[in-house]
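Structural overview
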Amino acid sequence: MTDTLVPGGYRAARSAEGGYFRKGCNRLAETGRSKLQNQRAALNQQILKAVRLRTGAENLLRATTNNKVREQALLELSFVNSDLQILKEELEGLNISVEVYQNTEETFSIPLIPLGLKETKEVDFTNPLKDFILEHYSEDSSDYEDEIADLMDLRQACRTPSRDESGIEMLISYFTQLGFIENRFFPPIKQTGILFTWYDSFTGVPVCQQNLLLEKASILFNIGALYTQIGTRYNRQTKPGLDNAVDAFQRAAGVLNYLKETFTHTPSYDMSPAMLSVLVKMMLAQAQECVFEQIILPGIRNEFFTLVKMAQEVAKVGEGFMLVNTAMNQAPVKENIPYSWSNLAQIKADHYKALAHYFIATLLSDHQLLPSDDEDKQEKAWSQLHDDMPEGLMSRTILRDKVQRKQLGKAHLRKAIVYHEEALRVCGLCKKLRNIDILQEILSVAHKRSLLKYTQHEQEDDFLSLMQAPTVLPKTEHKVEMVVPQFSKVKVRDFFERLGPLSVFSAKQRWTAPRTIQFHCQEGELGFTLKGGPPVQVHCLDPDCSAALVGLKGGDYIVSVNGLDTKWLGVNEVMEKFKSMGEHDIEIQVISGQDMMASVHNKSATYSVGMQKTYSLICLAMEEDKINKTKKATPKLPFLSWGTKNRQKAASTLCLPSAVAGSAQTKKKLDSRLTLLDTENSL
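First things first, this report covers the structure right here in the doc.

Cut-offs applied
- Residues numbered from 1 in each chain as written.
- Predicted model: local features only at pLDDT ≥ 70, side-chain atom pairs only at ≥ 80, totals over all residues.
- Heavy atoms only, no water.
- Helix = DSSP H or I, 4+ residues; strand = E, 2+ residues; numbered from the N terminus.
- Buried < 20%, exposed > 50% of the residue type's maximum accessible area, 1.4 Å probe, protein only.
- Areas by Shrake-Rupley, 256 points an atom, 1.4 Å probe, with all protein chains shown as cover.
- Pairing = 2+ DSSP bridges.
- Axes fitted to C-alpha atoms, helices over the stretch in contact; angles between N-to-C directions.
- Parallel < 35°, antiparallel > 145°, perpendicular 65-115°, else oblique.
- Left-handed = near helix turned anticlockwise from the far one by under 90°.
- Nonpolar A, V, L, I, M, F, W, Y, C, P; charged D, E, K, R; others polar.
- Polar contact = N/O pair within 3.5 Å; in protein donor to acceptor, adjacent residues only side chain to side chain.
- Contact = heavy atoms within 4.5 Å.
- 1 Å grid on protein atoms, 1.4 Å probe; cavity = no way out; pocket = protein on both sides within 12 Å on 5 of 7 lines; lining within 4 Å.
- Points joined across faces, edges and corners; volume = space filled by probe spheres on them.

**Points about the overall build of the protein chain**
Scanning the protein chain from N- to C-terminus turns up 21 helices and eight strands. Taken across its 683 residues, the protein chain has 51% of its residues classed as buried. For the protein chain, the exposed area adds up to about 32,400 Å²; of that, 52% sits on carbon and sulfur atoms.

**Examining the pairing of strand β8 (residues 586–591)**
In this structure, strand β3 (residues 515–519) lies alongside β8, joined through five bridges in antiparallel fashion. The residue of β8 that forms the bridge with Ile517 is Ile588. Judged from the four bridges that link them, strand β6 (residues 557–561) and β8 form a sheet pairing that is antiparallel. Following the sheet pairing, Val561 is matched in β8 by Ile588.

**Quick look at the packing of helix α8 (residues 239–262) against helix α9 (residues 273–296)**
The relative placement of two packed helices is expressed as an angle between their axes plus a distance between the axes. Two numbers describe how α8 lies on α9: the axes approach to 9 Å, and their chain directions differ by 165°. In terms of orientation, α8 lies roughly antiparallel with respect to α9. In the packing of α8 onto α9, the handedness of the crossing is left-handed. Tallied by class, the residues present in the contact of α8 with α9 amount to 17 nonpolar, five polar and four charged.

**Comments concerning the side chain of Lys216**
If you trace the backbone, Lys216 turns up in helix α7 (residues 212–233). A polar contact is formed between the side chain of Lys216 and the side chain of Glu182, at a distance of 3.0 Å. When neighbours within four sequence positions are excluded, Lys216 is seen to be in contact with Phe175, Leu178, Gly179, Glu182 and Phe263.

**Some thoughts on the environment of Phe578**
Its place among the elements puts Phe578 in helix α18 (residues 571–581). Taking relative accessible area as the criterion, Phe578 reaches 2% and is therefore assigned buried. Sequence separation of Phe578 and Ile588 is ten residues, and the distance between their C-alpha atoms is 10.0 Å. Setting aside residues no more than four positions away along its own chain, Phe578 makes contact with Leu526, Phe528, Leu530, Ile558, Val561, Ile586 and Ile588.

**Points about the layout of surface pockets**
Roughly 490 Å³ of internal volume is contained in the second largest pocket. Considering the residues around the second largest pocket, the lining is formed by 19 residues, among which Phe108, Phe292, Ile296, Leu355 and Ile442 are closest to the centre. Listed by contribution, the elements that provide at least two residues to the lining of the second largest pocket are α9, α11 (339–366) and α16 (437–456). The element best represented in the lining of the second largest pocket is α11, accounting for five residues. For the lining of the second largest pocket, a count of residues per class yields 13 nonpolar, three polar and three charged.

Put into structure tokens, the structure is as follows:
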């Protein structure tokens, strides 16, 4: 389950250069986590099949006018929708299997919520990249088979990363490598034909696009998800374990927030801005929970100021989970967030609020103001606990008056018992949470402790007391914050660096095919100078020199000298090569730059409230091209309707379909643009 060196062959030879190839976990290993991921992959396939059946039934329903056929289509739709609902519930069951990811040692802590990894299909980069290398870079694509194999092996390993820091590094290295791949092989106005398929982590619905941004966003999501799994794995009964858990959840929040701010048009529910905002809040709330566990790990002294601090710290944890629960119950997140997650957030909010009231009750009932105590200091600490006090009560009066102090303490105990009972009630309503024994035990123990405390101070005239306990103000001295990801700390070497410096040899720039120039020095002079680099450019070319007479031009890039690749050599190094030739003929290969491609922004499918609706990337590119040519404003294309023909024409995205009636005029416009694109951009 750890990173492995792969011996032998080309990859082993390159390990001497400082790079090594990582291997993912064995998918067939009989661990709880691998079983869950295998079940998730199987469910994703079943959901894909059901989605296709539903799409067919919806298309048939729209196309037919025969009443009998319509009845059959409606019956098929009802069956498929029921099947999809069952599959969604099974997927939710996997998402709430939190006990699988927890630390295996005996602990007495409330379970934390991890994120499951997004599943994907295998991608074959071989033919598209080899074709692009031959066409765009004019190089023998067979020379790059090892690099392409390394890229595919790394992607395959990223499907099953190990649950430790090495797994994080492997995902980050692939994410960084995708930046190199995007610049080298993905031009802004042309599709490469590589189709990426990723499954939604919550709904299981597949999303397919030829846009590399989907791949990069999904890898980022998995980095954040892996951090959450690492955080839940640490032993929370030790200080190092809690320190690492806090750090892991802060890093998870940072990665997910970076994903939300960087990739704003993700076509998948689990990566929509609304969903990512909820997940960031949940990770920060869990980090704050671990901070509180850090504070109470040595034990809680039954002392006035200690109890004040504990009450405010635990109230801060409860406030965090209350905000998470509120966000989870807002549209559109409510439709896709696991029901058990929102219940667990509510349980934790109630549980920690109850603990805050219990600490205040203990402070009031177990401590009396003594002559030796600093009354002003206690009054100041007490005044910071509440926004307002019950009518007729003052902070100094409560500290001095034993009767009022006792009544207010019992009021806080009653409030604590109410919150404990609500937490137990919500836990009992959820089947998934009801089966988590440790959660039930923790809630029951806390409830019994408050009941016992209350019975110790119970009197016959308690029913006459109508005092209400004020809300405890949350406050923390250890506020958690997102840790911004620093991908540059993981050193990654470009697999395709032999193509040349990325600043020059990228998909956005075009050149002529390499030309061979054979010339000789005249009286020790080349007839031109060199500048820049790497690669170096021809500068100040004498039109009468031998090199110019055989076709050398000013501004040409020198990529080879006498068969030696010079793409990565500077001016001094190339000049040394020329000097070493003496009076012999010199053979160089040069390329000339062509017009730069017009820059067009990559756009992926746009998320909208409700079901996914997407722009066709092809139509967007053609629309902007048409605007540039005609200089006239053109209305935006409508969202694509989901039919069999549309899916064949715009195969950039496959999402959960919704019954949307498409217009004939829109289809006609789409057909003409697709035809135009095929003729202009064919190889």
